[in-house]
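Given next are the chains, with one letter for each unit.
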Amino acid sequence: MGVDVRALLAAVRPAAGENRLVEAVQRGEAPLAAVAALAAEERLIVASDRRSFLTLAARAEDDAAAGFFTGLAHGESLALPLLEPLAAAAGDDPGAPRAGCQAYPAYVAWLALNAEPGAAALALVANFPAWGGYCAGLAAGLREHYGFGDQECAFLDFFAGEVQEMEAQALDAARHVRQPGAARVYARLLHDYETGFWRTLATVGQSRK
């Protein structure tokens, strides 16, 4: 296959201090408006990603890749209703969708239409550990400092689990990948778009001077 997945994971591992919002929540210093914005943006992202994953499943050339993306789409379907308690606890977000947040699902949609499915699988799974870690950090901070419970944190808990099994499934889906170099490019861009997502959210609710 020509892809060192561990090297791919290391290449997109978040730098210390890269996510100001998660760190602020863990200190109890983030405004709830930022959490409300996250829930509002995720409503759109989850629905978009689900369609993108189903498109990749339809384009897949073998059962392993189709099954990988179908499983991801099913996960998005399970996660979507879990957002509502988080949104209700954080409060309404009156803002329109933010370009800095929606760039990530827009690129996933581009991958769904243009990328070799196996290369897309590798790129996606390379970024899952960072997303899962951020969700775990948010859930811990919201429980400790904001009084959120299991119901309110269910969406975050859903994505905070281990990803080893998913990595194995992605490798199986990509065993015949013809564009290993493209997977590295896709993974780096996904990482950059996710970084932009969190940077955008970190500005929500900040006072202007």
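The structure presented is a predicted model; accordingly, all values stated were derived computationally and were not measured.

Any chance you could explain the environment of E194 here in plain terms?
Its place among the elements puts E194 in helix α10 (residues 180-202). Spatially, the C-alpha atoms of E194 and N19 are 10.0 Å apart, while their sequence positions differ by 175 residues. Leaving out residues up to four positions away in the same chain, E194 has contacts with Y104, N127, A130, W131 and Y134.

Explanation requested: the confidence of the model for the chain in the structure shown.
Low pLDDT marks stretches whose predicted atomic positions should not be read closely. Across the chain, the average pLDDT comes to 90, with 89% of residues at 70 or higher. Considering each helix and strand of the chain separately, the mean pLDDT is smallest for helix α1 (residues 5-11), with a value of 64, and largest for helix α6 (residues 99-114), with 98.

It is not clear to me how the pattern of salt bridges should be interpreted in this structure. Could you clarify?
Any two side chains of opposite charge can pair if their charged atoms end up close together. One pass over the structure, following the stated rule, counts eight salt bridges. Residue E29 pairs with R27 through a salt bridge whose shortest N-O separation is 2.9 Å. The closest approach of N and O atoms between E41 and R98, which form a salt bridge, is 2.9 Å. Pair noted here: E41 is in helix α3 (residues 32-59) and R98 is in the loop between α5 (83-90) and α6, with a separation of 57 residues, a long-range link. On the basis of relative accessibility, which here comes to 1%, the residue E41 falls in the buried class.

About the cut-offs
- Residues numbered from 1 in each chain as written.
- Predicted model: local features only at pLDDT ≥ 70, side-chain atom pairs only at ≥ 80, totals over all residues.
- Heavy atoms only, no water.
- Helix = DSSP H or I, 4+ residues; strand = E, 2+ residues; numbered from the N terminus.
- Contact = heavy atoms within 4.5 Å.
- pLDDT = per-residue confidence, 0-100.
- Salt bridge = Lys/Arg side-chain N within 4 Å of Asp/Glu carboxyl O.
- Buried < 20%, exposed > 50% of the residue type's maximum accessible area, 1.4 Å probe, protein only.

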